[in-house]
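Okay, here's what each chain looks like letter by letter:
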Amino acid sequence: MLKGIPASQGIAVGKVRKIEPPVLRIIRTTADPDTELQRFRKASGETVNDIEKIRRLASDRLSPKELAIFEMHLLLIRDASFVNGVEDIIRNEHINAEAAVQEVSGRMIHEFETMDDTYFQERAADVKDVTFRLLCHLADRALPDVKLIDEPVIIVAKDLSPSDTGSLDRRFVLGFATELGGRTSHTAIMARSMEIPALVGVKDLMNTVQDGDQVILDAVTGTLIADPSAEQSAAYSVYADAWRGERESLKVLKQEESITRDGHHVEICGNIGSPDDTGSIIANGADGIGLFRSEFLYMRNETGFPDENTQYEAYRSVLERMGDRRVVIRTLDIGGDKQLAYHSFEREMNPFLGARAMRFCLAHEDVLRTQFRALIRASAHGKLAVLFPMIATTTEFRRAKEIWLEEREKLKQAEIPMADSTEIGVMIEIPAAAVIADQLAQEADFFSIGTNDLIQYVMAADRTNDKVAYLYEPFNPAVLRMIRMTIEGAHKHGRRCAMCGEMASDELAIPVLLGMGLDEFSMSAGSVLQARKQIRSLDYSETVPLARKVMELSSQEEVIACIKEYMLK
Ligand code: PEP
Ligand code: MG
């Protein structure tokens, strides 16, 4: 039995599909050209089969534009200059097929990357992708591509990237377990919004579990059982039914208000990563959408930055489905652990402290302006609010807002329909922003506290690094002070303060946040009803002194003990 961190709650039983990158063999010494030519041709054929299979499996999920990427990959692998280039080198230089493929593709990648046109620059990623697939086949191991999965499985991997997670097909993937990762990594966040049971940080996973093993993935208690006995399987099926039954019973709260016993109203909203997640937000009766992480649209796109119309349609569909409920769409937050297949980011020593989110967008204004236009047009279709991520200074906020107003004015001149006004908020996730919250509140319409980042920046503890997980603690007094400062800063100027980081759904945190005066709690859809149940069981008048008491404590252990004592009363 292995233990891990439940990243996305749920229970799944099934066969393991292990995702393990093959070890590549590049030999630059003399090889038999005929054998190498045969190997190259065989691997090319297998690569073509892979790409065709992915295209078939993805055909009903992707737009024609997204599907075109696979055409591009097929063109590349069949491209005469590529094929002849590799074969000539094998014949003339007597190196092995791997080395010849690397040499030719390396040249092509360089040529694309140094072109002026961004469309062609982005093609370098396609060449890398196809080359890697080809090299894997040369190593006699198909690229362990999650997109090729076409039967019900539980994925087991060392780690999954957020974009791999985004491309999982829910029809086949029953759940996943990874050796690395924490609850607030974007892979975990993605799994929650897609409602795929997931366990992360499972020590020894790759050594213990083999491809094809039968496992029970319990992402409620954080357990993975390999090769369960008949009794264990039977016990789990009873337990899984009970768990599902309990969740079902929360559904009675779907239409109920998010209100404390003594009549204090808050909002409990949902976080989404894609328009497809809107259904479960509605099914769980959330009061609105407190965070739409728009970057997942950019990460799912494989061909390039999504254009204005594609984005407009995505935002519009969410706004229309949510009706008069508010939808907060966060502008592109890329960088850190979120990368784009089609854009080469400059290498940074500390990507989480680098040109991420609004910093990236202000340096790539065309990307930001396109998104703004899509949002402004979509504002005509519902109750939109826009949120700027990773703001550290009032100057950044002002510049972003200025660009917003410029785009708005242009669309107005062109008589494009739009909302009369749109609230613009700031994510408070950098300590500097929390400290100047009272100043930012004079200019922003609302705040949303991003504790996933705020904690990592306050504590200087990478949110994805389990070696410093002991520091990554929401109940640390330094973190709590930052939160209080933010709420007070917002309220001083009559602004609303929300929280959309994972802490907002933490059962221990909710009474304290309520007592501090937090106005909105935003979380994954699956947590909404549980949080509403808890809020409805609390007395606001009791949580205010609790929050005050907690603020006087000087260690996270004391804070947690104090909250637990309160909850036991
Ligand atoms: C956060 O930082 O708390 C947040 C909600 O944003 P993300 O997790 O996408 O960085
Ligand atoms: Mg963040």
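1. Section: the pairing of strand β11 (residues 326-330)
And then number 1: Within β11, 5 of the 5 residues are buried, which leaves it mostly tucked inside the rest of the structure.
And then number 2: With burial as the criterion, each face of β11 is covered, one bearing R326, V328 and R330 and the other bearing V327 and I329.
And then number 3: Here strand β10 (residues 289-293) pairs with β11 via 3 bridges, running parallel. Pairing of F292 across the sheet is with I329, part of β11.
And then number 4: Relative to strand β12 (residues 383-388), β11 runs parallel, the two sharing 5 bridges. For V328, the partnering residue across the bridge sits in β12 and is A385.

2. A short note on the coordination of the magnesium ion (ligand 2)
When a metal holds four donors in a tetrahedron, each ideal angle between them is 109.5 degrees; when it holds six in an octahedron, the ideal angles are 90 or 180 degrees.
And then number 1: The magnesium ion (ligand 2) binds to the protein through E429 (OE) and D453 (OD); the donor distances cover 2.0 to 2.1 Å. Of the two residues, E429 sits in the loop between β13 (423-428) and α16 (431-435) while D453 sits in helix α18 (residues 451-459), which places them 24 residues apart along the sequence. Here E429 and D453 have matching classes, each one buried.

3. Considering the side chain of R192
And then number 1: If you trace the backbone, R192 turns up in helix α7 (residues 186-194).
And then number 2: Among the polar contacts listed, one links the side chain of R192 to the backbone oxygen of R183, at a separation of 2.9 Å.
And then number 3: Within the structure, the side chain of R192 is placed 2.9 Å from the side chain of E502, a separation counted as a polar contact.
And then number 4: When residues no more than four places from it in sequence are discounted, the contact partners of R192 are A7, S8, R183, E502 and S524.

4. Considering helix α20 (residues 509-516)
And then number 1: Of all 8 residues that make up α20, 8 are buried, and the element is covered over most of its length.
And then number 2: For α20, the full list of buried residues reads A509, I510, P511, V512, L513, L514, G515 and M516.
And then number 3: Check the buried side of α20 and you find it contacts α19 (477-492), β15 (496-499), β16 (520-524), α21 (528-537), α22 (540-551) and α23 (556-568).
And then number 4: G517 occupies a position one or two residues after α20 and carries a positive phi of about 100°.

5. Overview of the sheet that holds strand β4 (residues 153-157)
And then number 1: Across the sheet, which stays open at both edges, the 8 strands sit in the order β1-β8-β7-β3-β4-β5-β6-β2 with mixed pairing between neighbours. Only two strands of the sheet have a single neighbouring strand rather than two, namely β1 (2-3) and β2 (5-8).
And then number 2: The pairing of β1 with strand β8 (residues 223-226) spans 2 bridges and is antiparallel. Within β8, the residue paired with L2 across the bridge is L224.

6. As for the packing of helix α1 (residues 33-58) against helix α3 (residues 80-93)
And then number 1: At their nearest, the axes of α1 and α3 sit 9 Å apart, and the two run at 155° to each other. On the basis of their axis angle, the class for α1 and α3 is roughly antiparallel. Taken as a pair, α1 and α3 cross one another with a handedness that is right-handed. From α1, P33, E36, L37, F40 and R41 reach across to α3, where they touch F82, V83, V86, E87, I90 and R91.
And then number 2: When the residues that make up the contact of α1 with α3 are grouped by side-chain class, the tally is 7 nonpolar, no polar and 4 charged.

7. Let's talk about the site of ligand 1
And then number 1: Taken together, 17 residues lie near ligand 1, and R293, R330, G450, N452 and R463 sit nearest.
And then number 2: With respect to ligand 1, the side chain of R293 contributes an N or O atom lying 2.8 Å from an oxygen atom.
And then number 3: Within the side chain of E429, a nitrogen or oxygen atom sits 3.1 Å from an oxygen atom of ligand 1.
And then number 4: Contact with the protein chains removes 100% of the 290 Å² of surface that ligand 1 exposes when unbound.
And then number 5: Mapped onto the shell around ligand 1, the elements with two or more residues apiece are α7, β10 and α18.

8. Digging into the nonpolar core
And then number 1: If you look at the biggest cluster of nonpolar residues, it comprises 113 residues, and the most contacted ones within it are I155, F176, Y315, F388, F447, I483 and F521.
And then number 2: In terms of residue count, helix α14 (residues 365-378) provides more of this core than any other element does, 7 residues in total.
And then number 3: Ignoring sequence-local partners within four residues, the contact set of I483 consists of I449, T451, L454, M499, M503, L513 and M516.
And then number 4: Core analysis: the next-biggest nonpolar cluster, separate from the first, contains 33 residues, F82, I89, V130 and L138 among them.

9. Examining the packing of aromatic side chains
And then number 1: Here the structure, examined in full by the defined rule, presents 9 aromatic pairs.
And then number 2: Between the aromatic rings of Y298 and F305, the centroid separation amounts to 6.2 Å while the plane-to-plane angle is 75°, which identifies the pairing as edge-to-face.
And then number 3: In this structure Y298 comes out as buried when scored by relative accessible area, which is 1%.
And then number 4: Looking at F305, the relative accessible area reads 22%, which means it is partly exposed.
And then number 5: Where F345 meets F360, the ring centres are 5.5 Å apart and the plane angle is 40°; that geometry is what we call tilted. One end of the pair, F345, is in the loop between β11 and α13 (357-363); the other, F360, is in helix α13, and 15 residues separate them in sequence.
And then number 6: Note on F360: relative accessible area 2%, which makes it buried.
And then number 7: Grouped by ring-pair contacts, the aromatic residues F372, F388, F397 and W404 constitute a single cluster.
And then number 8: One cation-aromatic arrangement involves R326 over F446; the distance from NZ or CZ to the ring centre is 4.6 Å.
And then number 9: Between the NZ or CZ atom of R377 and the centre of the ring of Y312, over which it lies, the distance is 4.1 Å.

10. Quick word on the pairing of β16
And then number 1: By the criterion of burial, β16 is predominantly enclosed, with 5 of the 5 residues buried.
And then number 2: With 5 bridges connecting them, strand β9 (residues 267-272) and β16 associate as parallel partners. If you follow N271 over to β16, its bridge partner there is S524.
And then number 3: With 2 bridges connecting them, β15 and β16 associate as parallel partners. Across the sheet, the residue bridging to A498 is E520, located in β16.
And then number 4: Remark: the β15/α20/β16 crossover connection has right-handed handedness.

11. Some points on the pattern of salt bridges
And then number 1: Following the criterion strictly, the structure yields 50 salt bridges and no others.
And then number 2: The residue R398 makes a salt bridge to E443 at a minimum N-O spacing of 2.7 Å. You can see R398 sitting in helix α15 (residues 394-413) and its partner E443 sitting in the loop between α17 (437-440) and β14 (446-449), a full 45 residues away along the chain.
And then number 3: For R398, a relative accessible area of 45% gives the class partly exposed.
And then number 4: On the accessibility criterion, E443 (25% relative accessible area) is partly exposed.
And then number 5: Here D438 ties to K492 by a salt bridge, and the two come within 3.6 Å at their closest N and O atoms. Here K492 lies in helix α19 and D438 lies in helix α17, a separation of 54 residues in the sequence.
And then number 6: Of the residues examined, D438 reaches a relative accessible area of 26% and is grouped as partly exposed.
And then number 7: Take K492: its relative accessible area is 57%, and that puts it in the exposed class.
And then number 8: When salt bridges that share partners are traced, they join E308, E365, R369, R373, R377, R399, E402, E406, E407 and K410 into one network.

Conventions we followed
Residues numbered from 1 in each chain as written. Chains lettered and ligands numbered in written order. Predicted model: local features only at pLDDT ≥ 70, side-chain atom pairs only at ≥ 80, totals over all residues. Heavy atoms only, no water. Buried < 20%, exposed > 50% of the residue type's maximum accessible area, 1.4 Å probe, protein only. Helix = DSSP H or I, 4+ residues; strand = E, 2+ residues; numbered from the N terminus. Pairing = 2+ DSSP bridges. Donors = N, O, S within 2.8 Å, 3.2 Å for Na, K, Ca; no water. Polar contact = N/O pair within 3.5 Å; in protein donor to acceptor, adjacent residues only side chain to side chain. Contact = heavy atoms within 4.5 Å. Axes fitted to C-alpha atoms, helices over the stretch in contact; angles between N-to-C directions. Parallel < 35°, antiparallel > 145°, perpendicular 65-115°, else oblique. Left-handed = near helix turned anticlockwise from the far one by under 90°. Nonpolar A, V, L, I, M, F, W, Y, C, P; charged D, E, K, R; others polar. Near = heavy atom within 4 Å. Areas by Shrake-Rupley, 256 points an atom, 1.4 Å probe, with all protein chains shown as cover. Core = buried A, V, L, I, M, F, W, Y, C linked by side-chain atoms within 4.5 Å. Phe/Tyr/Trp six-rings, centres within 6.5 Å; stacked < 30°, edge-to-face > 60°. Lys NZ or Arg CZ within 6 Å of the ring centre and 35° of its normal. Right-handed = clockwise from strand over helix to strand, strands pointing away. Salt bridge = Lys/Arg side-chain N within 4 Å of Asp/Glu carboxyl O.

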